[in-house]
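Working through the structure, step by step
Residue-level listing of the chains:
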Amino acid sequence: MEEFLIAQFDISYIDVSAYIGLTAAGIMTLNLFIGLMLSVHYNTELRWPHRRLPLLDLHKWSGYGALFVSLLHPAWLPLAKAANYTVLAVFFPFITREQPILTSLGALAAYTLIFVVVTAYLRNRFAYTFWKKLHYASYIVIASFLVHGIFTEPSLKHGAVIDYLDGGKLFIEACALVCVGLVIWRVTYGTKLRAFNAAQQPGAPSWRGELVIHSIIDVRDDVKMFRLVNPRGGDLPFAFLPGQYLRFRLKHDDSVFTRSYSICSAPDSTSFCEIAVKRASDGKGSAYLYSKTQVGQVLTCDGPHGSFTFTGADSDGVVLIAGGIGLTPLLSIIRHLATQNWPHDVFLLFAVSTPTHGLFEEELHALAKQYRHFNYLILPSRIDGSAWPGPSGRLQPSHLVELAPQIARLPVYLCGPEPMMSATISSLRSLGVDEAQIHTESFGGAIIHDDALRAATIFFAKSKKTGLVTAGRTLLDAAEEYGVPIESLCRTGICGTCKVQLISGEVKMLTDTSLTARDINNNLVLACQARPTTSTLEIAC
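Residues numbered from 1 in each chain as written. Predicted model: local features only at pLDDT ≥ 70, side-chain atom pairs only at ≥ 80, totals over all residues. Heavy atoms only, no water.

Another aspect to go through is unusual backbone geometry. A cis amide bond, omega 0°, links G303 with the succeeding residue P304. Looking at the secondary structure, you find P304 in strand β6 (residues 298-305). Even without being a glycine, N523 presents a positive backbone phi close to 60°. Note that N523 resides in the loop between α16 (517-521) and β16 (524-526). In this structure N523 comes out as partly exposed when scored by relative accessible area, which is 46%. (Helix = DSSP H or I, 4+ residues; strand = E, 2+ residues; numbered from the N terminus. Buried < 20%, exposed > 50% of the residue type's maximum accessible area, 1.4 Å probe, protein only.)

Looking at the element boundaries, F272 is found in the loop between β4 (255-262) and β5 (273-278). The exposure class assigned to F272 is buried, which follows from its relative accessible area of 15%. Once the C-alpha coordinates of F272 and D235 are considered, the two residues, 37 residues apart in sequence, prove to be 7.1 Å apart. When sequence neighbours within four positions are dropped, the list of residues in contact with F272 reads R227, L228, V229, L236 and S265. (Contact = heavy atoms within 4.5 Å.)

On to the environment of R259, then. Mapped onto the fold, R259 is located in strand β4. Remark: the alpha-carbon pair of R259 and G285, spanning 26 residues in sequence, is separated by 6.1 Å.

Okay, the side chain of Q297 next. Note that Q297 resides in the loop between α10 (284-291) and β6. A relative accessible area of 18% places Q297 in the buried class. With sequence-adjacent residues up to four places away left out, Q297 is seen in contact with L211, V212, I213, Y288 and K292.

So, about a nonpolar patch on the surface. Where nonpolar side chains cluster on the molecular surface, the patch consists of L71, V87, L88, F91, F92, F94, I95, Y111, I114 and V118 and spans about 950 Å² of accessible area. Counting only elements with at least two residues in the nonpolar patch, the list comes to α5 (87-91) and α6 (100-121). Note on placement: L88 falls in helix α5. (Patch = residues over 30% accessible without salt bridge, like charges linked within 9 Å, V, L, I, M, F, W, Y side chains within 5 Å. Areas by Shrake-Rupley, 256 points an atom, 1.4 Å probe, with all protein chains shown as cover. Salt bridge = Lys/Arg side-chain N within 4 Å of Asp/Glu carboxyl O.)

This brings us to the pairing of strand β7 (residues 317-323). For a regular strand, side-chain orientation follows a simple rule: the groups alternate between the two sheet faces. Counting buried positions over the seven residues of β7 gives seven, a clear majority of the element. Side chains of β7 alternate between two faces, with G317, V319, I321 and G323 and V318, L320 and A322 buried alike. Here β7 runs beside strand β8 (residues 345-352); their pairing, made up of seven bridges, is parallel. Pairing of V319 across the sheet is with F347, part of β8. (Pairing = 2+ DSSP bridges.)

Moving on, we get to the packing of helix α4 (residues 55-72) against α6. It is the contact of α4 with α6, at a shortest axis distance of 10 Å, that shows an interaxial angle of 150°. When the interaxial angle is binned, α4 and α6 end up roughly antiparallel. The hand of the α4/α6 crossing is left-handed. Between α4, through G63, Y64, A66, L67, S70 and L71, and α6, the contact on the second element is made entirely by A110, L113, I114, V117 and Y121. When its residues are assigned to classes, the contact of α4 with α6 shows nine nonpolar, two polar and no charged. (Axes fitted to C-alpha atoms, helices over the stretch in contact; angles between N-to-C directions. Parallel < 35°, antiparallel > 145°, perpendicular 65-115°, else oblique. Left-handed = near helix turned anticlockwise from the far one by under 90°. Nonpolar A, V, L, I, M, F, W, Y, C, P; charged D, E, K, R; others polar.)

Taken in spatial order, the five strands make up an open sheet running β13-β12-β18-β14-β16, and their pairing is mixed. In this open sheet, the two edge strands, each paired with only one partner strand, are β13 (465-469) and β16. Shown here is a sheet whose adjacent strand axes are inclined to one another by a mean of 40°, direction ignored. Bridge count between strand β12 (residues 456-460) and β13: five bridges; the pairing is antiparallel. Bridge pairing links I458 to G467 in β13.

With that settled, the discussion passes to the pairing of strand β18 (residues 536-539). Burial of the side chains of β18 is restricted to one face: L537 and I539 are buried, whereas none of T536 and E538 on the reverse face is. Pairing analysis gives four bridges linking β12 to β18, with the strands arranged parallel. Bridged to I458 within β18 is L537. Sheet topology note: the strand β14 (residues 499-504)/β18 ladder contains two bridges and is antiparallel. When the sheet's bridge partners are listed, L502 is paired in β18 with I539.

What follows is about the packing of aromatic side chains. Any aromatic ring pair is given by two values, namely how distant the centres are and how the planes are angled relative to each other. In this structure the tally under the stated criterion is 13 aromatic pairs. Centroid distance F308 to Y413: 5.5 Å. Interplanar angle 65°. Geometry classified as edge-to-face. Remark: Y413 occurs in strand β10 (residues 412-416) and F308 occurs in the loop between β6 and β7; sequence separation between them is 105 residues. For the pair F308 and Y413, one class covers both residues: buried. Three or more aromatic residues link up through ring pairs in this structure, and these residues are F308, F310, W342 and Y413. Here the guanidinium or amino end of R227 rests over the ring plane of F272, the centre of that ring lying 3.7 Å away. Over the ring of F360 we find R335, and its NZ or CZ is 5.7 Å from the ring centre. (Phe/Tyr/Trp six-rings, centres within 6.5 Å; stacked < 30°, edge-to-face > 60°. Lys NZ or Arg CZ within 6 Å of the ring centre and 35° of its normal.)

Here the focus is the nonpolar core. Core analysis: the biggest nonpolar cluster contains 31 residues, and L320 and L348 have the highest contact counts within it. Of all the elements in the fold, those that place two or more residues in this core are β2 (223-229), β7, α11 (327-339), β8, α12 (361-370), β9 (374-380) and β10. Element by element, the count of residues in this core is highest for α11, at seven residues. In this structure, L67, V69, A109 and A137 belong to the second largest nonpolar core, which totals 25 residues. (Core = buried A, V, L, I, M, F, W, Y, C linked by side-chain atoms within 4.5 Å.)

The final tally for this structure, using the stated rule, is eleven salt bridges. Ionic pairing is found between D57 and R372, a salt bridge with its closest N-O pair at 3.3 Å. Placement of the pair is D57 in helix α4 and R372 in the loop between α12 and β9, with a sequence separation of 315 residues. Take D57: its relative accessible area is 27%, and that puts it in the partly exposed class. R372 sits in the partly exposed class, given a relative accessible area of 48%. Between D222 and R220 there is a salt bridge whose closest N-O contact spans 2.7 Å.

Okay, structure coming up:
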């Protein structure tokens, strides 16, 4: 057969092997290019309008193709009479006398590529950060193969001079230059990206200033969305991470109080941000925003705040669980991941009271169609006789496993009312989800029903005011009702901003993790968490 190829086309089996090797180099270069695009969450739809390229699939199949072609590359050599290559030398090239080191580099590239492809295929069995370290072996593959291709003499003749201006060599050299350029770009871009993310991490100096209400949208009868923009035009005067919130300073009569609202828009839309506010019968903040504000009004706020954030870094999937208005920070995360075309699964379980209590259902449905990695389930606790096509009832572990079978190894972000969150955390633990994987955000101010809690008369020592707080309400609720200033931020017991000294009486707190041993010895409590368990209290504010 080789004689026929030589006679008819002047091509030997060594030439066939060389052409296949050039093809492998091209596919590997393409695979590296796509892989680096994925590593920075490059969005082809955003950058190249109307072109939804499946980068993850292209990366996967080009990897399979590179493996197949690179293994086919040396298979012709034992058949080539001029090569003096044995079958054993294909697997262990260092035993051959023809350029053993350079040919061994080619074998190293092939064996390492097998490792990369197999671990990528089985990546769901590894922690993402561990698999990511394994995947760095891809650089060994491309470096070894290109060095092998550039410096190996194509005819495999002992002592032959290499022509680096030969067409095949020029192609390999071009691939090498492209790969070096891509790696330099990735390192440079990665450094800038890490610096940007570090600057935006919680704890960085927050912005304080004014935003103007651009529009008010009715999401539901009791939920409004406020779109806020820079009063001076242009981009927002701050950057935020998906899941963070802003703190607003609102004025009612002669008192000033603060309320925090999650940003539900994606940080990719830099010209505006949105908050969704639910009208609560006892909600002072929502009552103000609903009745005292209008389009064009300026609001004073600061932020962004909060560590309940997810950008997609160092994870190959995420589970989001929302209860009611707790969807808002998770919606920001979903919108961001969809905009970035994040190439991993995003699961959302949205627990609502009834089918009519859903939020942003049309958008969620549209996202599920446009962003193929997004899967969601709306779970009403009761259906009240309506024709609901899906599951219903209280959230159970089975609902979570059915939605996200790999939940035990994925990070979970949970936001909603405290009782719902407590029950959900128990379900997650029963499924083997590690405590470190569970991230929570709750909305304070809720009435907690506990037999130990009681209505109390509160004396504010510094302000010289007396008030009454109903059973289950917090000291912060009472202070705001009676115009006593207590600085607050998260209202979830995390930040510790609302520490006050308890002079007399007793309270119960759902959490006290932000209190130090010294705080406890000095009788400091968290006003947003402390609820009276005695009929009288005195606090130093």
